[in-house]
Amino acid sequence: MKNSPALATFIAFARKEFHHIFRDRRTIMILLVMPVLQIILFGFAITTEVRHVKVGLLDPLPDQATRRVADRLLASDYFDLARVLHTPDAVEQALRRGEIDLALIFEPHFHRHLHGPARLQLVVDASDPNTSALFTAYARRVITDAALEIAPPVAPVITTETRLLHNPAARAAYNFVPGVMGLILMLICAMMTSISIVREKETGTMEIILVSPARPLMIIAAKILPYLLLSCVNLATILLLAVHVLGVPVAGSLFWLVAVSLLFIIVSLAIGIFVSTLARNQVTAMLVSGMVLMMPVVLLSGLIFPIEGMPAFLRWLSALIPARWYISAVKRLMIEGAPVAFIAREALALACTGAVLVLLSVKNFKNRLA
Amino acid sequence: MTAAIEIDALAKHFGATGALNGVTVNVERGEIFGLIGPDGSGKSTLFRLLVTLLLPDGGRATVEGLDIVKDFLKIRARVGYMPGRFSLYPDLTVEENLHLFATLFGVRVEDNRPLIQRVYSHIEPFRRRRASALSGGMKQKLALSCALIHRPSVLFLDEPTTGIDPVSRAELWETLADLKRQGVTVMVSTPYMDEARLCDRVALMQSGRFLDVASPPEIVARHGTTTWAARAERMSKLLTDLRAHPTVETCYAFGDRHHVTPRPGASPLLLRAAMETLGHRQVEISEILPGIEDCFIRIAGQPPREP
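Scoring rules and cut-offs
Residues numbered from 1 in each chain as written. Chains lettered and ligands numbered in written order. Predicted model: local features only at pLDDT ≥ 70, side-chain atom pairs only at ≥ 80, totals over all residues. Heavy atoms only, no water. Helix = DSSP H or I, 4+ residues; strand = E, 2+ residues; numbered from the N terminus. Buried < 20%, exposed > 50% of the residue type's maximum accessible area, 1.4 Å probe, protein only. Lys, Arg positive; Asp, Glu negative; His and termini not counted. Charge placed at Lys NZ, Arg CZ, Asp CG, Glu CD. Axes fitted to C-alpha atoms, helices over the stretch in contact; angles between N-to-C directions. Parallel < 35°, antiparallel > 145°, perpendicular 65-115°, else oblique. Left-handed = near helix turned anticlockwise from the far one by under 90°. Contact = heavy atoms within 4.5 Å. Nonpolar A, V, L, I, M, F, W, Y, C, P; charged D, E, K, R; others polar. Domains from an automatic or database assignment. Arc of directions from axis to C-beta. Core = buried A, V, L, I, M, F, W, Y, C linked by side-chain atoms within 4.5 Å. 1 Å grid on protein atoms, 1.4 Å probe; cavity = no way out; pocket = protein on both sides within 12 Å on 5 of 7 lines; lining within 4 Å. Points joined across faces, edges and corners; volume = space filled by probe spheres on them. Pairing = 2+ DSSP bridges. Buried area = accessible area lost by both parts, 1.4 Å probe. Salt bridge = Lys/Arg side-chain N within 4 Å of Asp/Glu carboxyl O. Polar contact = N/O pair within 3.5 Å; in protein donor to acceptor, adjacent residues only side chain to side chain.

## Some thoughts on the overall build of chain B
Phase 1 of the analysis: Within chain B, the regular secondary structure consists of eleven helices and 14 strands.
Phase 2 of the analysis: For the C-alpha atoms alone, the extent of chain B along its principal axes is close to 70 × 45 × 35 Å.
Phase 3 of the analysis: For chain B, the proportion of its 307 residues judged to be buried stands at 54%.
Phase 4 of the analysis: In chain B, 37 side chains carry a positive charge and 36 a negative one; their mean positions are 2 Å apart.

## Focus on the packing of helix H3 (residues 94-104) of chain B against helix H4 (residues 113-123) of chain B
Residues and elements named next belong to chain B.
Phase 1 of the analysis: Running from amino to carboxyl end, H3 crosses H4 at an angle of 150°, the nearest separation of the two axes being 11 Å. Considered as vectors, H3 and H4 are oriented roughly antiparallel to each other. For the pair H3 and H4, the sense of crossing is right-handed. For the pair H3 and H4, the contacting residues are Val-94, Glu-95 and Leu-98 in the first and Ile-116, Tyr-120 and Ile-123 in the second.

## Some words on the packing of H4(B) against helix H6 (residues 166-181) of chain B
All names here are of chain B.
Phase 1 of the analysis: Relative orientation of the contacting elements H4 and H6 amounts to 170°, with a least axis distance of 9 Å. Classified by the angle their axes make, H4 and H6 are roughly antiparallel. Residues Leu-115, Arg-118, Val-119 and His-122 of H4 form the contact with H6, whose participating residues are Glu-171, Glu-174, Thr-175, Asp-178 and Leu-179.
Phase 2 of the analysis: Class assignment of the residues belonging to the contact of H4 with H6 gives a composition of three nonpolar, two polar and four charged.

## Thoughts on the domain arrangement of chain A
Phase 1 of the analysis: Per the domain assignment, the segments making up chain A are domain 1 (10-46 + 172-364) and domain 2 (53-150).
Phase 2 of the analysis: Summarising the inter-unit geometry, the C-alpha centres of domain 1 of chain A and domain 2 of chain A are found 47 Å apart.

## Here's the deal with H4(B)
All names here are of chain B.
Phase 1 of the analysis: Every buried residue belonging to H4 is among Leu-115, Ile-116, Val-119, Tyr-120 and Ile-123, and all of these are buried. For H4, the angular spread of the buried residues around the axis is 95°, confining them to a single face.
Phase 2 of the analysis: Buried residues in H4 make contact with H3, helix H5 (136-148) and H6.

## Some remarks on the domain arrangement of chain B
Phase 1 of the analysis: Here chain B is described as being made up of domain 1 (5-220) and domain 2 (225-289).
Phase 2 of the analysis: The C-alpha centroid of domain 2 of chain B is placed 38 Å from the C-alpha centroid of domain 1 of chain B.

## Quick notes on the nonpolar core
Phase 1 of the analysis: Core analysis: the biggest nonpolar cluster contains 99 residues, and A:Met334, B:Ile7, B:Leu10, B:Leu50, B:Phe156 and B:Met187 have the highest contact counts within it.
Phase 2 of the analysis: Not counting the four nearest positions on each side in its chain, B:Ile7 is found in contact with B:Val23, B:Thr24, B:Val25, B:Asn26, B:Leu46, B:Leu50, B:Arg60, B:Ala61 and B:Met187.
Phase 3 of the analysis: Formed by 59 residues, the second largest nonpolar core is a distinct cluster that contains B:Phe101, B:Ile116, B:Ile123 and B:Ala214.

## Section: empty space enclosed by the protein
Residues and elements named next belong to chain B.
Phase 1 of the analysis: Tallied over the entire structure, the rule returns three cavities of 30 Å³ or more.
Phase 2 of the analysis: Roughly 130 Å³ of internal volume is contained in the largest cavity.
Phase 3 of the analysis: Sorting the residues of the lining of the largest cavity by element identifies strand E6 (79-82) and H5 as the ones contributing at least two each.
Phase 4 of the analysis: Residue composition of the lining of the largest cavity, by class: 13 nonpolar, four polar and one charged.
Phase 5 of the analysis: Reported here for the second largest cavity is a volume of approximately 40 Å³.
Phase 6 of the analysis: Lining the second largest cavity, in full, are Thr-250, Tyr-252, Phe-254, His-259, Thr-261, Asp-294 and Ile-297.
Phase 7 of the analysis: Of all the secondary structure elements, the ones that give two or more residues to the lining of the second largest cavity are strand E12 (248-254), strand E13 (257-262) and helix H11 (292-300).

## Let's talk about the sheet that holds strand E1 (residues 5-12) of chain B
Residues and elements named next belong to chain B.
Phase 1 of the analysis: On the basis of which strands lie adjacent, the open sheet formed by four strands has the order E2-E1-E4-E5 and antiparallel pairing. Lying at the two open borders of the sheet, with one neighbouring strand each, are strand E2 (20-27) and strand E5 (66-67).
Phase 2 of the analysis: Where strand E4 (residues 58-63) lies against E5, two bridges are found, and the strand directions are antiparallel. By the bridge assignment, Val-63 is partnered in E5 with Leu-66.

## Brief notes about the interface of chain A and chain B
For an interface, size is often stated in terms of accessible area lost upon the parts coming together.
Phase 1 of the analysis: Contacts between chain A and chain B engage 28 residues on the former and 30 residues on the latter.
Phase 2 of the analysis: The junction of chain A with chain B conceals about 2700 Å² of combined surface from both sides, 62% of it contributed by carbon and sulfur atoms.
Phase 3 of the analysis: Interface area lost by chain A to chain B is led by A:Arg23, A:Val211 and A:Arg368, which between them contribute 28%.
Phase 4 of the analysis: Linking chain A with chain B are two salt bridges.
Phase 5 of the analysis: Note that A:Glu207 is salt-bridged to B:Arg48, the shortest N-O span being 3.0 Å.
Phase 6 of the analysis: For the interface between chain A and chain B, the tally reads eleven residue pairs in polar contact (both at pLDDT 80 or more).
Phase 7 of the analysis: Of all the secondary-structure elements, those providing two or more residues to the side of chain A that touches chain B are helix H1 (5-23), helix H6 (173-203) and helix H7 (205-210) of chain A.
Phase 8 of the analysis: Here the side of chain A that touches chain B takes eight residues from H1(A), the largest share from any one element.
Phase 9 of the analysis: Looking at the side of chain A that touches chain B, its residues break down into twelve nonpolar, eight polar and eight charged.

So, in structure tokens, the structure goes:
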């Protein structure tokens, strides 16, 4: 079988691009090692989860009731008994020294007051308000449950019960995995692609390639092919790590999760090409994709700050960021297990952005030097 | 039959340097045409216009009868272009670079092997070496091989010999002579005057204009005047003193000698005596035949490159 010259050029250029990637240790590190590190880092090290909260116990007159409340609280993974304290001063000191995060203080004769108001005080180190709010709420729930058991109410009481759907233990990985997926795919596709195209301008090879019968768009297609394949490898790695190492399940359809990821990869590649049509050197390409694209992705995509809490202007701005739609779609599909119809809006937003970027890039692409 | 390259009042406007202010010339088929001028005189701009990388602001030009604006795709398939700085892939090997450019033009390396044999044979022993690890001369030979691999009918070489060793330079020029015999038209820029003599015709360029276009002997016949070569023990002081002397019109450093253009009626013996009076020792001043560079200085009022 004889290949057409255009196809032969395409293959030769895709091969050349693989050589560029695999012969540069830094590139291969960024492309294949960084995603793994990021997932592990976000999954384990950077966490807002409530685990092993250090509890100080001040129980002046221990009795059956106080013991049962304390036991219930300490039985879970989330709370560990760190200190047994005897005076309010000691509580304050222990909190200040960071020996405990939470103090559980029973009033004397707690048992006797069970049907009157039996008082129990939680003193919390709130220097990290998010975490402390989380574990305080959890502690209150456990204590209320225990109290109801010890002393069933005489009159009917209304109790509220909160169930954390989709993420029962409020695990941070559930939030980070979709975010990191958006971040990594964006980084690899947009930044690496734009840099590799701009590098050809900078080294002057673009000058020779332009003075040849090969069509520039074909060359660019050959250029992005390796990044497309590597992104798929990364997608698989991230999903495997998420499921088997971080324990984040794929609750919805894996097929549609991969499909929407491919859509996002294509949008990111289009961003990379678009940046490369604007930037003249690698530093500009890096800054544009780094500062102008990455920062909004991190700040406005809901990865760190919830979109719902943003001022209207920023919410509106975040709608322009493809990663925001992708992360939202991944959350729906992967964490909530929603059917694909529920991400129609996200998919449409991504498809439109991709189409606009490809059109702009083609229009912007120069057949000449200036 | 049209000329290989026809340039008519071609202009390109830029900010400070490199602009082209309307140049006109016809380059014949199989001719080696040289561009000579200092940096920023518009040589590279002219190359980029002719290989269709830039659009002209005025005038028109054709390459092989094809318009550089309308027929740019057809021109790109036919010409070979070697930019002023090394523009191959440094992380690919010699062989990989060559094969990549062959594929780019839809040819096979084996088919056009004889054409590049003379230059490529020198780098073939290093064919598995990465381009970044080649010496300057070898890099240029590889770049020329890549520019020739598709058997172009017109070859554009922007300073192919700058910064490479004299032996490699000679080999490169032998290749150009070979190509000329095979009917390839070559447009080449060079800062070396000894290479200008190897061209069929040269254009002396300054500030985006052609000062003159002619064969090297014609250039010398037209612009050459009496020229003396001078040397002494302390060359830099000699240059200052010669320039200050009333019988000297211009004086420039040329390698290990200074070239002096005397005013009418001056005599080398008197000038030598004057220099000895100023304390110079072992002064030698003798008449020589003027070269292209002397002519360039006469017309342009500046040397074509920094000494």
